[in-house]
Amino acid sequence: RTIFQSIARGFGWRIGSDTSDRFIEISNTGAGHARLTDVAFLTGNSRSAITEGLFGYVLPGATMRWPLPKGTTVSGDLSADVNGQKSVRIERLPE
């Protein structure tokens, strides 16, 4: 069972695609910036890392898009360290 320390309020993610590949978009509707590190999809005891270490920043009121690494399994919950807070669950946005 995956244990999250907290749920990120004001953040959401979705998967998209364009002519070249798949990507992940993360939105920040909060009032402060978000520094994302150690981002991964978690399903039960399985972890599919998007990145180890710094992933990027999402400024308040912004949406950022990053390409998904080839072979990334997109299932389960999205977990990230947000501004140094470990194992934060980021809610999935409606498609």
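Predicted, not measured: the structure shown is a model, and the values here were computed from it.

This part is about the overall build of the chain. Scanning the chain for helices and strands turns up zero helices and eight strands. Ordered by position in the sequence, the α and β elements of the chain form the string β-β-β-β-β-β-β-β. In terms of C-alpha radius of gyration, the chain reaches 12 Å, essentially the compact-globule figure of 12 Å for 95 residues. If one aligns the C-alpha atoms of the chain with their principal axes, the spans along those axes are about 35 × 30 × 25 Å. When each of the 95 residues of the chain is scored for burial, the buried share is 38%. Put simply, 63% of the contacts in the chain that link residues at least 6 apart link residues at least 24 apart. Summed over its atoms, the accessible surface of the chain is roughly 5400 Å², and 50% of this surface lies on carbon and sulfur atoms. When the 11 positive and 9 negative side-chain charges of the chain are each reduced to one mean point, those points stand 3 Å apart.

It is worth spelling out unusual backbone geometry at this point. Phi at Asn83 takes a positive value of approximately 50°, unusual for a residue other than glycine. Examined against the element boundaries, Asn83 turns out to sit in the loop between β7 (77-82) and β8 (85-92). Owing to a relative accessible area of 43%, Asn83 belongs among the partly exposed residues under this scheme. If you check the backbone angles, Ser87 has positive phi at about 50° while not being a glycine. Mapped onto the elements, Ser87 comes out in strand β8. With a relative accessible area of 25%, Ser87 lands in the partly exposed category.

Within the secondary structure, Glu91 is located in strand β8. Residues Glu91 and Arg14, 77 residues apart in the sequence, show an inter-C-alpha distance of 9.0 Å. A distance of 2.8 Å separates the side chain of Glu91 from the side chain of Arg89, its partner in a polar contact.

Two strands pair when backbone bridges link them, and β7 and β8 are joined in this way by four bridges, in the antiparallel orientation. Each residue of the ladder has a partner; that of Val82, found in β8, is Gln85. Between β7 and β8, which pair antiparallel and follow one another directly, the connecting turn spans two residues, one of which, Asn83, has a positive phi of 50°.

Scanning the model with the defined rule gives two aromatic pairs in all. Residues Trp13 and Phe41 carry aromatic rings whose centres are separated by 5.2 Å and whose planes lie at 65° to one another, so their mutual orientation is edge-to-face. Separated by 28 residues along the polypeptide, Trp13 in strand β1 (residues 6-17) and Phe41 in strand β3 (residues 34-43) bring together distant segments of the chain. Considered together, Trp13 and Phe41 belong to a single accessibility category, that of buried residues. With a centroid separation of 4.4 Å and an interplanar angle of 45°, the aromatic rings of Phe55 and Trp66 are classed as tilted. Of this pair, Phe55 sits in strand β5 (residues 54-58) while Trp66 sits in strand β6 (residues 62-67); the two residues are eleven residues apart in sequence, bridging distant segments of the chain. Across this residue pair, the class does not change: Phe55 and Trp66 are buried.

Parameters at a glance
- Residues numbered from 1 in each chain as written.
- Predicted model: local features only at pLDDT ≥ 70, side-chain atom pairs only at ≥ 80, totals over all residues.
- Heavy atoms only, no water.
- Helix = DSSP H or I, 4+ residues; strand = E, 2+ residues; numbered from the N terminus.
- Rg over C-alpha atoms; globule rule 2.2 N^0.38 Å.
- Buried < 20%, exposed > 50% of the residue type's maximum accessible area, 1.4 Å probe, protein only.
- Contact = heavy atoms within 4.5 Å.
- Areas by Shrake-Rupley, 256 points an atom, 1.4 Å probe, with all protein chains shown as cover.
- Lys, Arg positive; Asp, Glu negative; His and termini not counted.
- Charge placed at Lys NZ, Arg CZ, Asp CG, Glu CD.
- Polar contact = N/O pair within 3.5 Å; in protein donor to acceptor, adjacent residues only side chain to side chain.
- Pairing = 2+ DSSP bridges.
- Phe/Tyr/Trp six-rings, centres within 6.5 Å; stacked < 30°, edge-to-face > 60°.

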